[in-house]
Each structure stands twice: as C-alpha cells, then as structure tokens.
Amino acid sequence: KTERSLSIDRDKIDSIAADSELETTAETDSLLMESISELKEDAIHLIELRYFEARPFSEVAQILGITESNAKIKVYRVLEKLKQIILKKKINFAR
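Residues numbered from 1 in each chain as written. Predicted model: local features only at pLDDT ≥ 70, side-chain atom pairs only at ≥ 80, totals over all residues. Heavy atoms only, no water.

**Student:** Quick one: what's the story with the pattern of salt bridges, residue by residue and with numbers?
**Tutor:** If you walk through the whole model with that rule in mind, you get five salt bridges. Close ionic contact of E38 with K89 constitutes a salt bridge, the shortest N to O distance being 2.6 Å. Of the two residues, E38 sits in the loop between α2 (26-36) and α3 (41-52) while K89 sits in helix α5 (residues 68-94), which places them 51 residues apart along the sequence. By relative accessible area, which is 46% here, E38 ends up partly exposed. Here K89 falls in the buried class, since its relative accessible area comes to 18%. One network of salt bridges, with partners in common, ties together E34, E38 and K89. (Salt bridge = Lys/Arg side-chain N within 4 Å of Asp/Glu carboxyl O. Helix = DSSP H or I, 4+ residues; strand = E, 2+ residues; numbered from the N terminus. Buried < 20%, exposed > 50% of the residue type's maximum accessible area, 1.4 Å probe, protein only.)

**Student:** Before we move on, could you go through the packing of aromatic side chains and cite the residues and values that matter?
**Tutor:** The tally for this structure, following the rule as stated, stands at one aromatic pair. For the cation-ring pair, R50 lies above F57, with the distance from its terminal atom to the ring centre recorded as 3.9 Å. (Phe/Tyr/Trp six-rings, centres within 6.5 Å; stacked < 30°, edge-to-face > 60°. Lys NZ or Arg CZ within 6 Å of the ring centre and 35° of its normal.)

**Student:** Lay out the packing of helix α1 (residues 10-19) against α2 in plain terms, naming residues and giving numbers.
**Tutor:** Running from amino to carboxyl end, α1 crosses α2 at an angle of 85°, the nearest separation of the two axes being 10 Å. One finds that α1 runs roughly perpendicular with respect to α2. Contacts from R10, I13, D14, I16 and A17 of α1 reach α2 at D29, L32, M33 and I36. Here the contact of α1 with α2 is composed, by residue class, of six nonpolar, no polar and three charged. (Axes fitted to C-alpha atoms, helices over the stretch in contact; angles between N-to-C directions. Parallel < 35°, antiparallel > 145°, perpendicular 65-115°, else oblique. Contact = heavy atoms within 4.5 Å. Nonpolar A, V, L, I, M, F, W, Y, C, P; charged D, E, K, R; others polar.)

**Student:** Summarise α2; cite the residues concerned and give the values.
**Tutor:** If you check which residues of α2 are buried, you get T28, D29, L31, L32, S35 and I36. Buried positions in α2, seen along its axis, are confined to an arc of 165° and lie on one side of it. (Arc of directions from axis to C-beta.)

**Student:** Now, about the environment of K83: what can you tell me, with residues and values included?
**Tutor:** Here K83 lies in helix α5. In this structure, the C-alpha to C-alpha distance between K83 and E21, residues 62 residues apart in sequence, is 8.0 Å. Dropping the residues within four chain positions of it, K83 is found in contact with S20, E21 and L22.

So this is what it looks like as structure tokens:
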C-alpha cells in the first residue's frame, strides 16, 4: 500500500472547516487533519483537488469525468462526512 502526502496549510484547513460549518479552533484543525486520513481514497482526491489544489468545481468535474453539479454534490457529501467524523471524535474525547 502506498502512502499519500498532502501539503496542508492553515488557510486550506480553515477553508474546509468553514465549508463544513465547523468552528475554526486549534482542536478542530487538528481533528480535521486527522479525519481526512480516515476518508476513502476517492474522497481524499476530491478534497485534494478542491481545497489543496484550489481548483474550481468545473475543473474538478472535468478531471473526474463528471458534471459540475455532481462534483459539487460529491465534495459537499465528503465535507458532511468529515463533519460527522469530527463531531464523533469530539463526543468521544469529552467522555
């Protein structure tokens, strides 16, 4: 199995947090970076294209061979999944 590395900077993490409707805190940023690694490869690819490479939805769609609206839906579903993972981690951490 190969490992993938992403160049992550604070602005990109803040952008993902904002689009996921998560409060931007150091804890959330840390959980977000950790949670990205728990996603499936295709979901990571979507996040990478949209946020880390800052590609517009039209380019994401073209690269993946899907419609622009489908690219938006897929990205926002991944963001919702990230939000669920993070909220679950926060609940478990609070226990």
